[in-house]
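Each chain is listed here by its residues.
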Amino acid sequence: MRLTLNWLKDYVDTDLPPEELADLLTMAGLEVETVEHLGDGLDGVVAARLVSVEKHPEADRLTVCRVDAGGEEVDVVCGAPNVREGMITAYAPPGVRLPGGLRVKKTRIRGQASHGILLAEDEIGLTDDHSGIMELPENQAPGTPINRCLPLEDWAFEIGITPNRPDCTSVIGIAREVAALTGKRLQRPEVPTVDNNRSSIQDHTSVTIEDPLGCPRYSAGLVRGVKIGPSPFWMRYRLHSSGVRSINNVVDVTNFVMLECGQPLHAFDFQRLSENRIVVRRAQEGEVFTTLDGQERTLRAQDLMICDGEGSVGLAGVMGGLNSEIEDETSDVLVESACFDPLTIRRTSKRLGLLSEASYRFERGVDIEGTVWALSRTMLLLAETAGAAIEPGLIDQYPRPWDPPVIALRVDKTNAFLGTALTTDSMAGYLTALELQVRREDEGRLLVTPPACRVDLVREVDLMEEVARMVGYDKIPVTLPAVRPVDEPDPAEVSLGEHIREIMAGFGFSEIITFSFISEESLDALAAPENSPLRNTVKLLKPLTQDQAVMRTTLLPGLLQFVRSNMAHGERNLKLFEWGKVFLPREGSELPQERLELAAVLTGEWNSRTLHGPARTVDFYDVKGVLESLLEYLFVTDVHFERDDPPPGYRQDKTARVLRRGTPLGWVGEAAPGAAERFEIGPEKAFLMELDIQALQDAMPTGRAFEAYARFPAVMRDLCLVVDSSVESERVRGIIAGEKLVESVDLFDLYRGDQISPSEKALTFRVCFRSPERTLKGREINVLHDKIVRKIEEMVGGRLRDR
């Protein structure tokens, strides 16, 4: 929010220096980011009278003006179209340095001497108007410094407004804060009450609200005989100082009132409205609408539209339509002052990437009780600046009037929370200064009713914050909270999380933390089917953005989006993991089930090229090895991998389910190419793993016992088997490992080729036999070897490979 000190003083009488005022606002929670002095660089610029204006002898579009600047008359060559004899304008003599850095010099233009410059408003930073030289009041004496002709000595404040303070997105809102902090009175512009008993506006137009949830209030007024033209200088100067471009007097008035009171308004060309009426409804799915910026927008059924008798004329709360904009020929104007549902406006604005001054305010929440005041103020200014005649009365569709909340505030709890010792009267005084209605229920309890503009005040703690702001954050004593040592150990998942973080960091991984909220579109990116459990999400009632509309049911979207962000900055060799919760709906409860999970991703190269070897790209076995090593560090044994239908986001033929004795622990595999492409990380391959922490905890041993080292020698045998290609090697390994004297089994060779059938593969295992009680004999090993071969033949149809 940008505003000027002189504008602020129109509503609150303050004599504080700009720096002190900035500190006061900052300590009250409204951070003043910059304070800029306006009017710098105008020293030497003076008022001058054009004594005569003659055509330049060598140029058709130039004139030679005889200028009286309070001393000797000089000639100035000028190309402005609005020069005329007797005009008072701004003049910069030679030697003056203008705000843009240009130093004025005496020069010759087409052979004619020019002693200085006659200035347009934009050349001295007053507005963005360059249509002609500046016109000053005719009563100004030549030679008068321009800072004395106009109130240009000013300071601009840039204030960072947090999303919960929409009431401060206006000059009056900031003035309300200054008045409360300084003990002054807020002075609003006087606006007469509209008498609808003698209204004639209903004879000419009407407003129909088909969606009262999206539009709880819509006020409209009509002015006739508007003369479109530039706004007066004072209005253009204040708009420019606030960072808003001047368009014409009608549009400027709506922008001025919006900045003044925080209520966005819109002006429609009344004659261009079909049937001269307004209908507020939802858009048709796929409807195409052209906004004021000339862009065609494809709409969804959730978008709220302002329509006339035939079609859409405005994207509610965001931007008007090109088909009803104010033109030079416009004479009758319908003014809209409405209140729209913040969530609806936020969704539309974010989805279309269309941020406007109106949407900025509507998506935070406007004062539903202030629409009529803002409308009346706008029509009065249109009468003043555009010569408009106000049609008697106004239309105010308000199907469900606002019901103000009543919030109880406990004085003792507030003092305990803030660390203060304030009295009941002082707290009531602070809140009353902010225009809150305060009623004392008893000595230690206040009943507070906030105004409609304070949409952020809904709980007792919100009122405590208001008290803290009025005291000043810098005046609240600093106290350390009382912390008592406890004998209870940390929950098991906390200790496990710290242990796993250390292990993953030892593997070279970096931990990331992503939002617990995701978009439903991210599940589309994973190609989750409609009946997938991942789509059974917990939806937020009031999400901040569409990208954070639901609670996550998987860690993968956040993980892959983080990969995309890193790759966009040139980081491709990534080892990332996240320890976090997923949220699943719980039957019979409003609160979701929270489940801890661990997820990790590998991309790029496992190791870079060095003097001692080439670079190697990560593959499935790297992420599988990380998972196996992690489980080994956690003493989780009897783990095996099975091919199964993978969850969304995984590649079908390169994914395995992780199990321990038949109990699922998680998944490991390659990200599906489609998912990688949709998350904009393709063609780079990404390898993923996920673990259910509760299942992992259940699989971990509760205690550990020492196991003596083997006393007897091992016997190693290689076993080469031919099996059908569809038989998984893990199944064959499990058959071998199931024998009593088999200590370990490792697959070290896989063969497909001409020496066996194309439908077969050869697997070679190294089998370690050992007995804890005695040295094994060769005959025993042979018998056991033959037994294993028979079992493999019976169970999977395998055979020994002929050598």
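That block above? That's the structure.
Note that the coordinates shown come from a computational prediction; the quantities given were computed from them, not determined experimentally. (Residues numbered from 1 in each chain as written. Predicted model: local features only at pLDDT ≥ 70, side-chain atom pairs only at ≥ 80, totals over all residues. Heavy atoms only, no water.)

Engineer: Any chance you could break down the sheet that holds strand 39 (residues 760-769) for me, citing the residues and the numbers?
Structural biologist: Strand order in the open sheet formed by 4 strands is 38-39-37-40, and the pairing between neighbours is antiparallel. The outermost strands of the open sheet, each flanked by one partner alone, are strand 38 (742-751) and strand 40 (799-800). In this structure, strand 37 (residues 715-724) lies alongside strand 40, joined through 2 bridges in antiparallel fashion. Within the sheet, the bridge partner assigned to leucine 721 lies in strand 40 and is leucine 800. Against the sheet, helix 19 (residues 729-737) makes contact with strand 37, strand 38 and strand 39, and its axis sits at roughly 30° relative to strand 39, the strand it touches most. Each of strand 37, strand 38, strand 39 and strand 40 is contacted by helix 20 (residues 778-796), which is oriented at about 20° to strand 37, the strand it contacts most. (Pairing = 2+ DSSP bridges. Helix = DSSP H or I, 4+ residues; strand = E, 2+ residues; numbered from the N terminus. Contact = heavy atoms within 4.5 Å. Axes fitted to C-alpha atoms, helices over the stretch in contact; angles between N-to-C directions.)

Engineer: Just give me the short version of the sheet that holds strand 11 (residues 207-209), but keep the residues and values in it.
Structural biologist: A sheet is described by the order of its strands in space; here 5 strands give the open sequence 11-14-17-18-19, paired in mixed fashion. The outermost strands of the open sheet, each flanked by one partner alone, are strand 11 and strand 19 (319-320). Where strand 18 (residues 312-315) meets strand 19, 2 bridges bridge the pair, whose relative direction is antiparallel. Among the inter-strand pairings, leucine 315 is bridged to a residue of strand 19, identified as methionine 319.

Engineer: Could you give an account of the side chain of threonine 344, naming the residues involved and the relevant values?
Structural biologist: Residue position: threonine 344 is located in helix 7 (residues 342-352). Here threonine 344 is in contact with Arg282, Gln302 and Leu304, once residues within four sequence places are set aside.

Engineer: Hey, could you go over the pairing of strand 23 (residues 407-410) for me, with residue numbers and the actual values?
Structural biologist: Residues Ile407 and Leu409 line the buried face of strand 23, whereas the alternating positions Ala408 and Arg410 sit on a face that is not buried. Bridge count for strand 23 against strand 25 (residues 445-449) is 4 bridges, and the pairing is antiparallel. Residue alanine 408 lies in a different strand from strand 25, and its bridge partner there is leucine 447. (Buried < 20%, exposed > 50% of the residue type's maximum accessible area, 1.4 Å probe, protein only.)

Engineer: Before we move on, could you go through the pattern of salt bridges and cite the residues and values that matter?
Structural biologist: Summed over the entire model, instances satisfying the criterion amount to 58 salt bridges. Notably, a salt bridge pairs glutamate 287 with arginine 281, separated by 3.8 Å at the nearest N-O pair. With respect to burial, glutamate 287 and arginine 281 carry one shared label: buried. Residue aspartate 293 pairs with arginine 297 through a salt bridge whose shortest N-O separation is 2.5 Å. Arginine 297 gets classed as buried once you look at its relative accessible area, which sits at 12%. Linked by salt bridges that have partners in common, Arg165, Asp167, Glu177, Arg454, Asp456, Glu466 and Arg469 make up one network. (Salt bridge = Lys/Arg side-chain N within 4 Å of Asp/Glu carboxyl O.)

Engineer: How would you summarise the packing of aromatic side chains if you had to cite specific residues and measurements?
Structural biologist: In the structure shown here, the tally under the stated rule is 6 aromatic pairs. Considering the side-chain rings of phenylalanine 507 and tyrosine 633, the 5.9 Å spacing of their centres and the 55° angle between planes classify their relative orientation as tilted. Linking phenylalanine 507 in the loop between helix 13 (492-506) and strand 26 (510-511) with tyrosine 633 in helix 16 (residues 620-633), this pair joins segments that are 126 residues apart in sequence. Centre to centre, the rings of phenylalanine 620 and tyrosine 621 are 5.3 Å apart; their planes meet at 85°, and the pair counts as edge-to-face. A relative accessible area of 16% means that phenylalanine 620 is categorised as buried. With relative accessibility at 61%, the residue tyrosine 621 sits in the exposed group. Among the aromatic residues, ring-to-ring pairing joins Trp7, Trp234 and Phe256 into one connected group. Across the ring face of phenylalanine 748, the terminal group of arginine 766 is positioned such that the distance to the ring centre comes to 4.7 Å. Taking the ring centre of tyrosine 751 as reference, the NZ or CZ of arginine 801 above it sits at 4.6 Å. (Phe/Tyr/Trp six-rings, centres within 6.5 Å; stacked < 30°, edge-to-face > 60°. Lys NZ or Arg CZ within 6 Å of the ring centre and 35° of its normal.)

Engineer: Can you break down the nonpolar core residue by residue, with the values?
Structural biologist: If you look at the biggest cluster of nonpolar residues, it comprises 70 residues, and the most contacted ones within it are Leu3, Leu8, Leu25, Phe157, Ile159, Ile174 and Val333. When sequence neighbours within four positions are dropped, the list of residues in contact with phenylalanine 157 reads Met1, Arg2, Leu3, Leu5, Pro18, Leu21, Ala22, Val32, Thr34 and Val35. Counting residues in each nonpolar core, the second largest holds 38 residues, with Cys215, Ala283, Cys307 and Ile345 among its members. (Core = buried A, V, L, I, M, F, W, Y, C linked by side-chain atoms within 4.5 Å.)

Engineer: Quick one: what's the story with the pairing of strand 35 (residues 663-671), residue by residue and with numbers?
Structural biologist: With 7 of 9 residues buried, strand 35 is to be regarded as a mostly interior element. Across 7 bridges, the pairing between strand 34 (residues 650-660) and strand 35 is antiparallel. Residue pairing for strand 35: leucine 659 is matched across the bridge by proline 664. Counting the residues that bridge the hairpin from strand 34 to strand 35 gives 2 residues, and of these arginine 661 lies at a positive phi of roughly 50°. Judged from the 5 bridges that link them, strand 35 and strand 36 (residues 686-692) form a sheet pairing that is antiparallel. In the strand pairing of strand 36, valine 668 is matched with methionine 689.

Engineer: So, unusual backbone geometry: which residues are in play, and what are the values?
Structural biologist: Positive phi outside glycine occurs at glutamate 275, with the angle close to 65°. Here glutamate 275 shows up in the loop between strand 13 (265-269) and strand 14 (278-282). For glutamate 275, a relative accessible area of 53% translates into the label exposed. In this structure, asparagine 276 takes a positive phi of about 50° despite not being glycine. In this structure, asparagine 276 sits in the loop between strand 13 and strand 14.

Engineer: Hey, could you go over the side chain of arginine 361 for me, with residue numbers and the actual values?
Structural biologist: With respect to the element layout, arginine 361 can be found in helix 8 (residues 357-362). Side-chain polar atoms of arginine 361 contact the side chain of glutamate 357, separated by 2.7 Å. Excluding residues within four positions of it along the chain, arginine 361 makes contact with Met1, Thr169, Met258, Leu259, Gly262, Pro264 and Val366. (Polar contact = N/O pair within 3.5 Å; in protein donor to acceptor, adjacent residues only side chain to side chain.)

Engineer: Would you mind going over helix 11 (residues 424-433) in detail, with residue names and values included?
Structural biologist: Within the sequence span of helix 11, burial applies to Thr424, Met427, Ala428 and Leu431. The buried side chains of helix 11 occupy one side of the element, clustering within an arc of 100° when seen end-on. Those residues of helix 11 that are buried are in contact with strand 23, helix 10 (411-418), strand 24 (437-442), strand 25 and helix 12 (460-471). At the C-terminal side of helix 11, glutamate 435 shows a positive phi close to 70°. (Arc of directions from axis to C-beta.)

Engineer: Give me the lowdown on the environment of leucine 434, citing residues and values where you can.
Structural biologist: Note that leucine 434 resides in the loop between helix 11 and strand 24. A relative accessible area of 1% means that leucine 434 is categorised as buried. Placed 320 residues apart in sequence, leucine 434 and aspartate 754 show a C-alpha to C-alpha distance of 88 Å. What leucine 434 contacts, discounting residues up to four positions off in sequence, is Arg176, Glu177, Ala180, Glu466, Arg469 and Met470.

Engineer: Go over helix 6 (residues 249-261), please, and point to the residues and values.
Structural biologist: Along its 13 residues, helix 6 runs 18 Å from first to last C-alpha, staying within 8% of the 18 Å computed at 1.5 Å per residue. For helix 6, the buried fraction is high: 11 of the 13 residues fall into the buried class. When helix 6 is considered as a whole, its buried residues turn out to be Asn249, Val250, Asp252, Val253, Thr254, Asn255, Phe256, Val257, Met258, Leu259 and Glu260. Measuring from the backbone nitrogen of valine 250 back to the side-chain oxygen at the start of helix 6 gives 3.1 Å, which picks out asparagine 248 as the cap. The first or second residue beyond helix 6 is glycine 262, which carries a positive phi of 90°. (Expected span 1.5 Å × (residues − 1).)

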